[in-house]
Amino acid sequence: MFPDQFLFGVEVLLNGLMAGVLYALVALGFVLIFKASGIFNYAQGVMALFAALTLVGIMDGQVPFSHLINALFGTDVHHFGWHVPAFAAILLAMAVMVGLAWIVQYFIFRHLVGQEPIILFMATIGLAYFMEGFGDMMWGSEIKKLDVGIPQGGSFWIEEATAFLGGSNFYGFFIDQLDIVAAVVAIILVVLLVAFAQYTKQGRAMRAVADDHQAALSVGISLSFIWVLVWSLAGFVALVAGIMWGAKSGVQFSLSLIALKALPVLMLGGFTSIPGAIVGGLIVGVGEKLFEFLIGAPFLGGATENWFAYMLALVFLVFRPQGLFGEKIIERV
Amino acid sequence: MFDQAESFVTADGRTIGAVMMEMKNITLRFGGVVAIKDISFDVREGEIRAIIGPNGAGKSSMLNVISGFYHPQEGEVWYKGARRPEMKPFEVARQGIARTFQNIALFEGMSVLDNVMTGRLNHMKSGILSQAIWYGKAEREETENRAVVERVIDFLEIQHIRKTPVSRLPYGLKKRVELARALAADPKLLLLDEPMAGMNVEEKEDMSRFILDVNDEFGTTIVLIEHDMGVVMDLSDRVVVMDYGKKIGDGPPDEVRNNQAVIDAYLGVAHD
């Protein structure tokens, strides 16, 4: 019915959308913190990694800092010997992320209020590498399998339902069930975040802080509290992103590098826009898959996925520096 | 001049309450620059207290000391009969002291209604979890606070712009929205930093009327900074005059107007 090439292109597009959802999830964490505090949090990717490591560690009943403990005391402990159910482990991991948000605020950013953005940025780079090393020390550096019960592998239902499109020798679309779950979770997450920001007291305070610090103080909002809240939310988003990435490709340290794909996403979507992060993520996901399929693989020898997003972002920076949804930069003279 | 605990009646027949806030020997320095030099004055319940002075006299700094944005190196702030420890601005706000800013500090991206609602944040007690799931108490609170906000909006006659994003409003209306947000907090003490700066005559008259009405209807104590001498003399019950960080006059408008030091410093040499 349709030429195979076309159908394959559609499948590539769908997979691109799903990959884009994961980029969007990480980008969302960046946007939350940037909006509320003007801090560009380089550590967002590492937070996702740290959250996933913690989740696996808790589920498997791993002893935190076991290498350190064993080296110091000559013991040989590795596991508590219990397994924590996924749901409880996710709640515990979330509690750890809230604790982390509190530590980050009280030990780092409280002392840097009013500093130049570049200094705040450098602080987050320091934080990123500290957390990477700390995560390593706490949970070990080997690649771990994360299984919280999300279905994985191709969806036969979709494959069968679409097989007729291409006639007899077509196998139907291959779409990973995990990607579908990720997309659904991402949509729910965004709806929840927007509802929280729009309709609750703390959400209103959060938006107020994002808009004007001085005015926020004058109506009695504690900036420290809001920043802990925002870092906690970013930690929550990081946990969700970490679960999805981790379930897809195992919990490993390259996760923090994949997360840097969120940078071009932010340049497209704008650093201050939640819908921008979502749309930017989808554009990058679809764009890099389609580019690879249409131009990269046939003409450029492939492997364009590594740099396509950054190229796209560069083009955007030249022609629309505020991104698709960012606030327009107007200089008044 | 008057007994601290006693109320008294002003020249134009208004009754002013006991001392609510007292600034004692406040000195504020920025590096080597002395912004406020050993100033003391008090604010009585229910009065409109003006702080006037030429540019750079330290008026805004004084307001910032009261609202906790600046911390004086020397001196004490007494509020409701107790010495106030050094507080952050949000803690001061939670004590029932609301303020507006000289250069307007509104949440530009939000609607007028949302801006005024932020004034109610300290009156919402329900915790973060019940807020997150919008559980009973949180919803009731939202409705109650919304009612208060609507009253304030009616009072200041800004119903027609309730849903308008603040960034689209003209300057005069922004000033009024800022006043609305401060009023929504139901403050004991309202600090107004040049509420009429940059306004035309008509807008100034409106704002004067609102300030008097607020004081009249809610009994809110008001401390205001203003350049326009005429406005200050009409509005205020008592006036503090500052010049180069020092207090050079304090008293009812008529008395201050005839004070030679004030005439020299503030009005320049008299020309009649």
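None of the values given here were measured: they were computed from a predicted structure.

Rules of the game
- Residues numbered from 1 in each chain as written.
- Chains lettered and ligands numbered in written order.
- Predicted model: local features only at pLDDT ≥ 70, side-chain atom pairs only at ≥ 80, totals over all residues.
- Heavy atoms only, no water.
- Contact = heavy atoms within 4.5 Å.
- Buried area = accessible area lost by both parts, 1.4 Å probe.
- Salt bridge = Lys/Arg side-chain N within 4 Å of Asp/Glu carboxyl O.
- Polar contact = N/O pair within 3.5 Å; in protein donor to acceptor, adjacent residues only side chain to side chain.
- Helix = DSSP H or I, 4+ residues; strand = E, 2+ residues; numbered from the N terminus.
- Pairing = 2+ DSSP bridges.
- Axes fitted to C-alpha atoms, helices over the stretch in contact; angles between N-to-C directions.
- Phe/Tyr/Trp six-rings, centres within 6.5 Å; stacked < 30°, edge-to-face > 60°.
- Lys NZ or Arg CZ within 6 Å of the ring centre and 35° of its normal.
- Parallel < 35°, antiparallel > 145°, perpendicular 65-115°, else oblique.
- Left-handed = near helix turned anticlockwise from the far one by under 90°.
- Nonpolar A, V, L, I, M, F, W, Y, C, P; charged D, E, K, R; others polar.

## Observations concerning the interface of chain B and chain A
So, point 1. Of the residues lining the interface, 28 residues belong to chain B; the matching set on chain A comes to 21 residues.
So, point 2. Both faces combined, the contact of chain B with chain A buries some 2200 Å², and carbon together with sulfur accounts for 63% of it.
So, point 3. One can count 3 salt bridges joining chain B with chain A.
So, point 4. Where B:Glu142 meets A:Arg204, a salt bridge forms, and the shortest distance between an N and an O atom there is 3.1 Å.
So, point 5. The interface formed by chain B and chain A includes 7 residue pairs in polar contact (both at pLDDT 80 or more).
So, point 6. Elements supplying a minimum of two residues to the side of chain B that touches chain A: α2 (89-94), α3 (112-118) and α4 (128-132) of chain B.
So, point 7. In terms of residue count, the dominant contributor to the side of chain B that touches chain A is α2(B) (4 residues).

## Observations concerning the sheet that holds strand β10 (residues 221-225) of chain B
Residue and element names in this part refer to chain B.
So, point 1. Ordered by their spatial adjacency, 6 strands build an open sheet running β8-β9-β10-β5-β11-β12, and the pairing between neighbours is mixed. The sheet is open, and its two edges are formed by β8 (97-99) and β12 (246-251), each paired on a single side. Averaged over all pairs of adjacent strands, the angle between their axes in this sheet comes to 15 degrees, without regard to strand direction.
So, point 2. Alignment of strand β5 (residues 48-52) against strand β11 (residues 238-243), held across 4 bridges, turns out to be parallel. Paired with Ile 52 across the two strands is Val 241, which belongs to β11.
So, point 3. Contacts between helix α1 (residues 59-66) and the sheet are confined to β5, β8, β9 (189-193), β10 and β11, with β9 contributing the most and set at about 150 degrees to the helix.
So, point 4. With respect to the sheet, helix α7 (residues 201-218) is in contact with β5, β9 and β10, its orientation differing from that of β10 by roughly 155 degrees.

## Regarding the packing of aromatic side chains
So, point 1. Inspection of the entire model under this criterion finds 19 aromatic pairs over all chains.
So, point 2. Where A:Trp102 meets A:Tyr106, the ring centres are 4.6 Å apart and the plane angle is 25 degrees; that geometry is what we call stacked. With A:Trp102 and A:Tyr106 both in helix α4 (residues 86-107) and 4 residues apart, the pair spans about one turn of that helix.
So, point 3. Between B:Arg181 and the ring centre of B:Phe107, over which it is positioned, the NZ or CZ distance is 5.1 Å.

## Some words on the packing of helix α13 (residues 274-299) of chain A against helix α14 (residues 305-319) of chain A
Residue and element names in this part refer to chain A.
So, point 1. Orientation of α13 relative to α14, taken along the N-to-C sense of each, is 125 degrees, at an axis distance of 9 Å. As the angle between them shows, α13 and α14 are arranged oblique. Remark: the crossing between α13 and α14 carries right-handed chirality. Residue-level contacts link Ile 283, Val 284, Gly 287, Glu 288, Lys 289, Phe 291 and Glu 292 of α13 to Glu 305, Trp 307, Phe 308, Ala 309 and Leu 312 of α14.
So, point 2. Broken down by class, the residue content of the contact of α13 with α14 amounts to 7 nonpolar, 1 polar and 4 charged.

## So, the sheet that holds strand β4 (residues 33-44) of chain B
All names here are of chain B.
So, point 1. On the basis of which strands lie adjacent, the open sheet formed by 4 strands has the order β4-β3-β6-β7 and antiparallel pairing. Each of the sheet's edge strands pairs with one partner strand only, and the pair in question is β4 and β7 (82-83).
So, point 2. Bridge analysis of strand β6 (residues 74-79) against β7 gives 2 bridges, and the strand direction is antiparallel. When the bridges of β7 are listed, Tyr 79 appears paired with Ala 82.
So, point 3. Most of the contacts of α1 go to strand β3 (residues 19-30), to which it runs at about 120 degrees, and overall it touches β3, β4 and β6.

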